[in-house]
Amino acid sequence: MAKNIDRPNIALDSSNDSSQDNTFIETYLQSVNQNWLQQNIKCVLQDMMRMKNKLQKVKQDLEEREDYVKQLECNADEDALKMSKLQEHIEHIDKAMSVKSNYLKNWESSLVSMQNRLQETERHFETAVTKHFGEVRKRCDDAESDNKLKAFQNKLYKAESEYSRLSLSYTNSRKDNDILKQRILDVERENNKLKSANRQNAGRIENLVRLRCGSEAGDLVEGRGKSPEPEDLKSKSSNKTTTKTKAYIGSTPTKSDEFLLNIFEYLVSIKVYTIPSTLVEHYASYALVCQHFGIQDQLKFLYFVYKSTSCGHISSRSYRKLGETLCQSHSYISSTEIRVRMITCLLCLMSLTQVDLKARVYATLLNDLDTGRGSAIFRELSGIIVAIETLHSSSGVLVSNSLDVLLNCSSDPEYRSEFKKVLGTESVLGRFNTLIVSHRFESNILQKISTILAVLSQDVNIGVLFARAGLIKLLEECWTNCSPEEPQLSVSLRSVLFNLRSGCQSIS
């Protein structure tokens, strides 16, 4: 028979520890012999332990919820306190608003009373002003009548004095008029004498030309025939030359030639550069004769011709013939005197049309400009204007030579102000625009132009003209399209654009 097992009383007390429960379970299981009963009991006990753990968790959740509820109750009390304070503040604001509204009502009533007082004051003021204005106007009318009478008396007095003065002046003017008429007659007689003397001098000059040039010059004076040409130039156009012309070209200076030089010197001293047209046509031939004179006499002739050409007193045909003569004569273009060479070069550049001859002249001019005396003479003769005129040439060689001359002028500190004054015009800058467009792919010419423009762009007043001439956009395009193999050109263009932007910022 199975033994009776004493079952201990199992109380599910939450105060017992988990270690005591485990000890109890083991003791109980050892006393039980049946396996199936042990397993069942073990499962039941484990279920009981799980239930106990769940009950403990539920108890903890309940405690946490009670704490949360207590916290909510505290927050609700605080909110209720804040609401009471806020309500008290609102009541205080309502009381203040009511006080302000009462104050505004009182202020409106006072404004209405003030407006009524102002209207009454305006009515009284208008009445007083109208009354006073009437009295003042009456007084002004009385004073005006007195003033008109006094003014009329003053005008009458002035008119009487003016009449007496005009009468005296008229008497004096009649006397002066008679004196002036006599002086005019004297001046007219002197003028007629000077005109007759000028006609006599012109006749003497024409007679000297006839004597010097023979019958051929006589035909020129009377409007027939052609002017004599230099021997080496005539060989190109025609081989037919008269004996008189050859004798004239190869002859030595005579007293008539010296007399002509004295005439040139006198005309230069009185700053008169007009002579008979018959003598102008003999410039080229006379240049050949003048080469046998001394340097001072050559300078008299060249200086007179240079001044007369600047005044436009020489025909284009004679002008071109003179340039060819000077260019092919070593006495002028290769003279030992730099002033003779300088004037000769400028005359040749103004008169010649052949590109090869002009290039030779530019070579001589550039060599002389490298010296200080040559630059001074060039400035004295205003040669930069001649160089600017060559910029209109279609030849790239001549344009390059002209730019070399301008670069030489820009590098001279003493000539910098005159350089900017002559080149800093809208017409010259427009010419540079045309040159850049036509010589866009010639880096040599672009480099020279950019160097000159860099000097001009330093002046703010000239920089304003760059935009009018359309140069800014064109220079930006050239700088953008500049080849990496041309760093110097890129630097020059960049310098010009920088100067222009700096100038615009200083103006703004």
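Bear in mind that the values here come from a model prediction, so they are computed numbers and not experimental data.

Asks: So what exactly am I meant to see when it comes to the overall build of the chain here?
Replies: Each helix and strand in the chain was counted, giving 22 helices and zero strands. Relative to its 508 residues, the chain shows a buried fraction of 33%. Once local pairs closer than 6 in sequence are excluded, the contacts in the chain between residues at least 24 apart make up 69%. When the accessible surface of the chain is split by element, carbon and sulfur atoms take 54% of a total near 33,700 Å².

Asks: What should I look at first to understand the state of the cysteines in this one?
Replies: One covalent bond between the sulfur atoms of two cysteine residues makes up a disulfide. On inspection of all chains with the given rule, the structure shows zero disulfides. No disulfide involves C345; its nearest neighbouring cysteine sulfur is the one of C348, lying 6.6 Å away. With no disulfide of its own, C482 has C478 as its nearest cysteine by sulfur position, at a separation of 8.6 Å. Its relative accessible area of 16% is what places C482 among the buried residues.

Asks: What is the right way to look at the packing of helix α13 (residues 355-369) against helix α14 (residues 372-380) in this model?
Replies: Two measures define how a pair of helices packs: the angle their axes make with one another and the distance between the axes. Two elements in contact, α13 and α14, have axes whose closest approach is 6 Å; the angle formed by their N-to-C orientations is 115°. By the angle between their directions, the pair α13 and α14 is classed as roughly perpendicular. Packed against α13, whose contacting residues are L365, D368 and L369, the element α14 presents G374, S375 and F378 at the interface. When grouped by side-chain class, the residues that make up the contact of α13 with α14 number three nonpolar, two polar and one charged.

Asks: Which parts of the structure should I look at to understand the environment of N461?
Replies: Along the chain, the position of N461 falls in helix α20 (residues 460-468). The class of N461 is exposed, set by a relative accessible area of 64%. Counting along the chain gives 37 residues from N461 to G424, while the straight-line C-alpha distance between them is 8.7 Å.

Asks: What exactly am I supposed to notice about empty space enclosed by the protein here?
Replies: Applying the stated criterion to the full structure yields three cavities of 30 Å³ or more. If you add up the space inside the largest cavity, you get close to 50 Å³. The wall of the largest cavity is formed by L369, S375, F378, R379, N408, C409, D412 and Y415. Looking at which element gives the most residues to the lining of the largest cavity, the answer is α14, with three residues. For the lining of the largest cavity, the per-class residue count stands at four nonpolar, two polar and two charged.

Asks: Explain the pattern of salt bridges here, please?
Replies: A pair can form between side chains of opposite charge whenever their charged atoms are brought close. Tallying each qualifying case throughout the model produces nine salt bridges. A salt bridge links D186 to R189, with the shortest nitrogen-to-oxygen separation between them at 2.1 Å. One end of the pair is D186 and the other is R189, both in helix α2 (residues 35-213) and three residues apart, which spans about a single turn. A relative accessible area of 32% means that D186 is categorised as partly exposed. Through salt bridges with shared partners, a single ionic network connects R379, D412 and E414.

Asks: So what exactly am I meant to see when it comes to α13 here?
Replies: Each turn of an α-helix holds 3.6 residues, which means side chains three or four residues apart point in the same direction. In this model, α13 (15 residues) spans 21 Å end to end at C-alpha, consistent with the 21 Å of a helix rising 1.5 Å per residue. Buried within α13 we find L357, K358, V361, Y362, L365, L366, D368 and L369.

Asks: Quick question: what am I supposed to make of a nonpolar patch on the surface here?
Replies: A cluster of nonpolar residues, Y103, L104, W107, L111 and M114, forms a patch on the protein surface that exposes about 530 Å² of accessible area. Relative to the elements of secondary structure, W107 occurs in helix α2. Classification of W107 as partly exposed rests on a relative accessible area of 44%.

Asks: Any chance you could explain unusual backbone geometry here in plain terms?
Replies: Most peptide bonds are trans, and most residues other than glycine sit at a negative phi. Of note in the backbone geometry, S382 takes a positive phi value of approximately 55° without being a glycine. Tracing the backbone shows S382 in the loop between α14 and α15 (383-390).

Asks: How should the packing of helix α17 (residues 416-423) against helix α19 (residues 443-456) be read in this particular structure?
Replies: Axis separation between α17 and α19 bottoms out at 10 Å; the angle between their running directions is 105°. On the basis of the axis angle, α17 is roughly perpendicular to α19. Packed against α17, whose contacting residues are R416, F419, K420 and L423, the element α19 presents I452, V455 and L456 at the interface.

Asks: Would you take a moment to explain the nonpolar core for this structure?
Replies: One recurring pattern in soluble globular proteins is that nonpolar side chains are buried together. In terms of nonpolar packing, the biggest core is built from 76 residues, with L406, L423, F432 and L453 touching the most fellow members. The greatest single-element share of this core, amounting to nine residues, is contributed by helix α12 (residues 338-351). Other than its neighbours up to four places away in sequence, L453 contacts L429, F432, I436, F466, L471, L475 and V496.

Asks: Would you explain helix α21 (residues 471-480) in this entry?
Replies: All of the buried residues in α21 are L471, L474, L475 and C478. All buried residues of α21 project into a common sector of 100° when viewed along the axis, lining one side. Relative to its buried face, α21 has exposed residues pointing more than 90 degrees away, namely K473 and T480.

Asks: I tried to follow the confidence of the model for the chain on my own but got confused; where do I start?
Replies: Detailed reading of the predicted coordinates is not advisable wherever pLDDT falls low. Confidence in the prediction of the chain, expressed as mean pLDDT, is 75, and 74% of residues score 70 or more. Across the chain, the secondary-structure element scoring lowest on mean pLDDT is helix α5 (residues 243-250), at 35, and the one scoring highest is α13, at 91. Within the model, pLDDT remains below 50 along residues 213-251, and this stretch shows 66 contacts once partners closer than five positions in the same chain are excluded.

Parameters and conventions
- Residues numbered from 1 in each chain as written.
- Predicted model: local features only at pLDDT ≥ 70, side-chain atom pairs only at ≥ 80, totals over all residues.
- Heavy atoms only, no water.
- Helix = DSSP H or I, 4+ residues; strand = E, 2+ residues; numbered from the N terminus.
- Buried < 20%, exposed > 50% of the residue type's maximum accessible area, 1.4 Å probe, protein only.
- Contact = heavy atoms within 4.5 Å.
- Areas by Shrake-Rupley, 256 points an atom, 1.4 Å probe, with all protein chains shown as cover.
- Disulfide = S-S within 2.5 Å.
- Axes fitted to C-alpha atoms, helices over the stretch in contact; angles between N-to-C directions.
- Parallel < 35°, antiparallel > 145°, perpendicular 65-115°, else oblique.
- Nonpolar A, V, L, I, M, F, W, Y, C, P; charged D, E, K, R; others polar.
- 1 Å grid on protein atoms, 1.4 Å probe; cavity = no way out; pocket = protein on both sides within 12 Å on 5 of 7 lines; lining within 4 Å.
- Points joined across faces, edges and corners; volume = space filled by probe spheres on them.
- Salt bridge = Lys/Arg side-chain N within 4 Å of Asp/Glu carboxyl O.
- Expected span 1.5 Å × (residues − 1).
- Patch = residues over 30% accessible without salt bridge, like charges linked within 9 Å, V, L, I, M, F, W, Y side chains within 5 Å.
- Core = buried A, V, L, I, M, F, W, Y, C linked by side-chain atoms within 4.5 Å.
- Arc of directions from axis to C-beta.
- pLDDT = per-residue confidence, 0-100.

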